[in-house]
Amino acid sequence: MKHQNTASLLSKGYFLPKKLIPKDQIDELRKFIPNVEKLSAEQHQNYGGAYAGHVNIGLGKKWTAIYASICEIVFNETGVKLESEYCLISAGANLNLPNSFNQRFHTDGDYKLDNLIIHFYIGDVCEKNGPHELVPWSNKSFPTYANFIFGRLSGKLKTSCLTGKSGQIIIRYSNLWHRGTSNTSKVPRYAGTFVMAKKAVVTEIDGQSLNQKLGVIQSNGFKPTNFGRAYEIFSCRFGFVLGLTRFLSSLRQKSFWLSLSNL
Ligand SMILES: O=C(O)CCC(=O)C(=O)O
Ligand SMILES: [Fe+2]
């Protein structure tokens, strides 16, 4: 059983444990996450990502109990020893605000990087309030954006929208194609996010990111400058232009043409 789940994580690129994080731990953590819908317009100006509706927040040291639970659940269901095989390099939460836009499909960081990303839902997540959408197996077989687009157009590449109960863990590789979807409900969607790097790759835990102060909202890829804001609005409204640029530039990559010759 264990081996089957580990194989699913390795090949499909993600795995959803059956067991949920205990409710009391989620409720405890939830108390420390501010209600971002109550932030003033001025506060919204201070960080990037508010227009797109996807922002991050530091979990401070409140992650400890949940981290221990996650390690146990992941070990019981997959056999992966997170604590001894990986270093926790960042602990925060992804907030998906009401009226957010669909993100563009992306990998977190370089395609060659195989960090583990562990999300856990804080509150129930349904189709309406911005579930994460993943492209199974895309960490293995779609090295360029052109591969990704052709896979989508041919219908070979199917996505999975991960709805789930509060406490649901999602464990995935950082190089799996994914996105945060739009939140059409009236309340923000909260998901905790731990980034884990292989011990062999990272020898020192980045104390800075782990000690992030609670309640500090951070940009999710967009800068809180005038130019940053203009770029954010453009990429939400005219994302297809950026997609096209990415598509054309990936046609110049050798790996795309090599993948065609392997068909
Ligand atoms: O949680 C979300 O809505 C977005 C998650 C994500 O993939 C990201 O921000 O990189
Ligand atoms: Fe992401």
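See above for the structure.
Rules used throughout
- Residues numbered from 1 in each chain as written.
- Chains lettered and ligands numbered in written order.
- Predicted model: local features only at pLDDT ≥ 70, side-chain atom pairs only at ≥ 80, totals over all residues.
- Helix = DSSP H or I, 4+ residues; strand = E, 2+ residues; numbered from the N terminus.
- Buried ≥ 20, exposed ≤ 12 C-beta atoms within 10 Å, placed from the backbone.
- Pairing = 2+ DSSP bridges.
- Axes fitted to C-alpha atoms, helices over the stretch in contact; angles between N-to-C directions.
- Core = buried A, V, L, I, M, F, W, Y, C linked by C-beta atoms within 7 Å.
- Contact = placed C-beta atoms within 7 Å.
- Near = placed C-beta within 6 Å.
- Nonpolar A, V, L, I, M, F, W, Y, C, P; charged D, E, K, R; others polar.
- Expected span 1.5 Å × (residues − 1).
- Arc of directions from axis to C-beta.

A. Molecular detail of the overall build of the chain. If you tally the helices and strands in the chain, you get eleven helices and ten strands. Residue burial in the chain is summarised as follows: out of 263 residues, 38% are buried.

B. Representation of the sheet that holds strand S5 (residues 132-134) within the structure. Across the sheet, which stays open at both edges, the three strands sit in the order S6-S5-S8 with antiparallel pairing between neighbours. The strands lining the two open edges of the sheet, one partner per strand, are strand S6 (160-162) and strand S8 (178-180). The sheet shows a mean angle of 20° between the axes of neighbouring strands, direction not considered. As judged from the three bridges shared by S5 and S6, these two strands associate in the antiparallel manner. Its bridge partner being in S6, Leu134 is matched across the sheet by Ser160.

C. Highlighting the nonpolar core. In terms of nonpolar packing, the biggest core is built from 54 residues, with Ile70, Ile118, Phe120, Ile122, Ile169, Ile171 and Met196 touching the most fellow members. Aside from chain neighbours lying at most four places away, what touches Ile122 is Ile26, Leu29, Arg30, Ile33, Ala93, Ser166, Tyr190, Ala191 and Gly192.

D. Spatial organisation of the pairing of strand S2 (residues 54-58). Here S2 lies mainly inside the structure; five of its five residues are buried. Residues His54, Asn56 and Gly58 line one face of S2 and the alternating positions Val55 and Ile57 line the opposite face, and both faces are buried. Sheet topology note: the S2/strand S3 (residues 86-96) ladder contains five bridges and is antiparallel. Note that in S3 the partner of Val55 across the bridge is Leu95. Here S2 pairs with strand S10 (residues 217-218) via two bridges, running antiparallel.

E. Summary view of the sheet that holds S10. Strand order in the open sheet formed by seven strands is S1-S7-S4-S9-S3-S2-S10, and the pairing between neighbours is antiparallel. Each edge of the open sheet is held by one strand with a lone partner, namely strand S1 (14-15) and S10. Two strands pair when backbone bridges link them, and strand S4 (residues 116-122) and strand S7 (residues 169-173) are joined in this way by five bridges, in the antiparallel orientation. Along S7, the bridge assignment pairs Ile117 with Arg172.

F. Structural detail: unusual backbone geometry. Phi at Asn99 takes a positive value of approximately 65°, unusual for a residue other than glycine. Here Asn99 lies in the loop between S3 and S4. Despite not being glycine, Trp137 shows a phi value in the positive range, around 70°. Structurally, the position occupied by Trp137 is in the loop between S5 and helix H6 (138-141).

G. Inspection of the site of ligand 1 at higher detail. Neighbouring ligand 1 are His54, Asn94, Asn96, Gln103, Asp108, Gly130, His178, Gly180, Ala191 and Asn220. The residue inventory of the shell around ligand 1, partitioned by class, reads one nonpolar, eight polar and one charged.

H. Quick look at helix H4 (residues 64-78). With 15 residues, H4 ought to run about 21 Å at 1.5 Å a step, and its terminal C-alpha atoms sit 21 Å apart, in line with that. Residues Ile66, Tyr67, Ile70, Ile73, Val74, Glu77 and Thr78 constitute the buried set of H4. Burial along H4 is one-sided: seen end-on, the buried residues are contained in an arc of 130°. Directly after H4, the chain includes Gly79, whose backbone phi takes a positive value near 85°.

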